[in-house]
Amino acid sequence: MKLVLFGATGMVGSRIATEASARGHQVLAVSRSGQSPVPGVTATAADATDPAKVAEVARGADAVASACVPPRDGSDPRGPFLALNEALVAGVREAGVGRLLVVGGAGGLEVAPGQALSDQPGFPEAYLPEAHAHRDVLAYYRSLDDGLDWTYVSPAAEIAPGTRTGRFRVDGDQFMTDDQGRSFISAEDYAVAFVDELERHEHPRTRMSVAY
């Protein structure tokens, strides 16, 4: 399968590139720097906020994936991150690619029906802008009615470099914790779940969540 991966040099994107390449998929790693996150993976420079450039690099792919993150420069990330995803969708449509997988956030996961994690007392204030940006983006994807086959993949509340075990749980909108009440996934196992979805196509036009 040919996968065009935007945001490929970040913590999560680089691990998705590693996992997909190890399984024999043809990965084009896209970033503003144009650097390859994995030896042997083809890389190119492109800006995901430019629909024409997105279309140019995505044309001929079986699927496009985005591991792009909201701006973390202290500004309000909501508008820019939504605009990035709108540009990405426009470019994917122009390229004629029907499948888009998106690295999501955990803040919008539900601790109870209709109750998001980021709305709970004690949610870290520093993470609220990014959580709200991700929630806006998910709402945008859910509003699409043109048949674009998207999947939004939410990690656990904590995601960090770690070990690839291949053992984790997958759910939908629900916030998951382990027996000790911790919500965690390694970036490596998140990438396994992400590429599993790429291959198995079990969550079309919906959100899925991943945690231990």
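Shown above is the structure to which this text applies.
None of the values given here were measured: they were computed from a predicted structure.

A.B. asks: What am I meant to see in the nonpolar core here?
C.D. replies: What tends to happen in soluble globular proteins is that the nonpolar side chains get buried as a cluster. Ranked by size, the top nonpolar core spans 31 residues in total, and within it Val4, Phe6, Val64, Leu100 and Tyr141 carry the most contacts. Counting residues per element, this core draws most heavily on helix H3 (residues 78–95), which supplies six residues. Residues in contact with Leu100, not counting those within four places in the same chain, are Val64, Ala65, Leu88, Val89, Val92, Tyr141, Leu148, Asp149, Trp150 and Thr151. Counting 29 residues, the second largest nonpolar core, distinct from the first, contains Ala29, Val38, Ala156 and Val210.

A.B. asks: Sorry if this is basic, but what is going on with the packing of aromatic side chains here?
C.D. replies: How two aromatic rings sit relative to each other is given by the distance of their centres and the angle of their planes. Taken as a whole and assessed by the stated rule, the structure comprises four aromatic pairs. Centre to centre, the rings of Tyr141 and Trp150 are 5.8 Å apart; their planes meet at 40 degrees, and the pair counts as tilted. Exposure class is identical for Tyr141 and Trp150. Each is buried. Above the ring of Phe184, the side-chain terminus of Arg182 is found at 4.3 Å from the ring centroid.

A.B. asks: Explain the pattern of salt bridges here, please?
C.D. replies: Side chains that differ in sign of charge can pair as their charged atoms come close. Per the counting criterion, the structure on display carries 15 salt bridges. Here Glu130 makes a salt bridge to Arg72, at a shortest N to O gap of 2.8 Å. Here Arg72 lies in the loop between strand E4 (63–66) and H3 and Glu130 lies in helix H4 (residues 128–143), a separation of 58 residues in the sequence. Arg135 is the partner of Asp119 in a salt bridge, and the nearest nitrogen-oxygen pair spans 3.1 Å. Of the two residues, Asp119 is situated in the loop between strand E7 (115–116) and H4 and Arg135 in helix H4; the sequence distance between them amounts to 16 residues. Here Asp119 falls in the partly exposed class, since its relative accessible area comes to 48%. The class of Arg135 is partly exposed, set by a relative accessible area of 29%. In this structure, a network of salt bridges that share partners links the residues Glu19, Arg23, Arg164, Asp196, Glu199 and Arg200.

A.B. asks: How do you make sense of the packing of helix H1 (residues 11–22) against helix H5 (residues 187–200) when you look at a structure like this?
C.D. replies: Relative orientation and spacing of two packed helices are given, respectively, by the angle between their axes and the distance between those axes. Put simply, H1 and H5 touch, their axes get as near as 8 Å, and they point 55 degrees apart. By the angle between their directions, the pair H1 and H5 is classed as oblique. Once H1 is placed against H5, the crossing between them reads as right-handed. In contact with Met11, Val12, Arg15, Ile16, Glu19 and Ala20 of H1, H5 contributes Ala187, Glu188, Tyr190, Ala191, Val192, Phe194 and Val195.

Calculation criteria
- Within every chain, residues take consecutive numbers counted from 1 along the sequence as written.
- Predicted model: local features are reported for residues with pLDDT of at least 70 only, side-chain atom pairs are reported and counted for 80 or more only, and whole-chain, interface and lining totals are derived from all residues.
- Where side-chain values are given, they derive from all heavy atoms of the structure, hydrogens and water being excluded.
- The set of buried Ala, Val, Leu, Ile, Met, Phe, Trp, Tyr and Cys residues whose side-chain atoms join them within 4.5 Å is what this entry labels a nonpolar core.
- Exposure categories follow from relative accessible area, calculated using a 1.4 Å probe and restricted to protein chains: below 20% of the type maximum is buried, above 50% is exposed, and the middle band is partly exposed.
- The secondary structure listing takes helices from DSSP runs of H or I that are at least 4 residues long and strands from runs of E that are at least 2 residues long, numbered from the N terminus.
- Note on contacts: a residue pair qualifies if any of its non-hydrogen atoms lie within 4.5 Å across the two residues.
- Planes of paired rings set the category: under 30 degrees apart is stacked, over 60 is edge-to-face and the rest tilted, where pairs are Phe, Tyr or Trp rings (Trp by its six-membered ring) whose centres lie within 6.5 Å.
- Placement of a positive charge over a ring is assigned whenever Lys NZ or Arg CZ falls within 6 Å of the ring centre and within 35 degrees of the normal to the ring plane.
- What counts as a salt bridge is simple: a side-chain nitrogen of Lys or Arg found within 4 Å of a carboxyl oxygen of Asp or Glu.
- For helices, the fitted axis covers only the stretch in contact; all axes are lines through C-alpha atoms, and the angles between them, taken along N-to-C directions, range from 0 to 180 degrees.
- Oblique is the label for any angle not covered by the other classes, which are roughly parallel (under 35 degrees), roughly antiparallel (over 145) and roughly perpendicular (65 to 115).
- In this scheme the handedness of a crossing depends on how the near helix is turned from the far one: anticlockwise by less than a right angle means left-handed, clockwise means right-handed.

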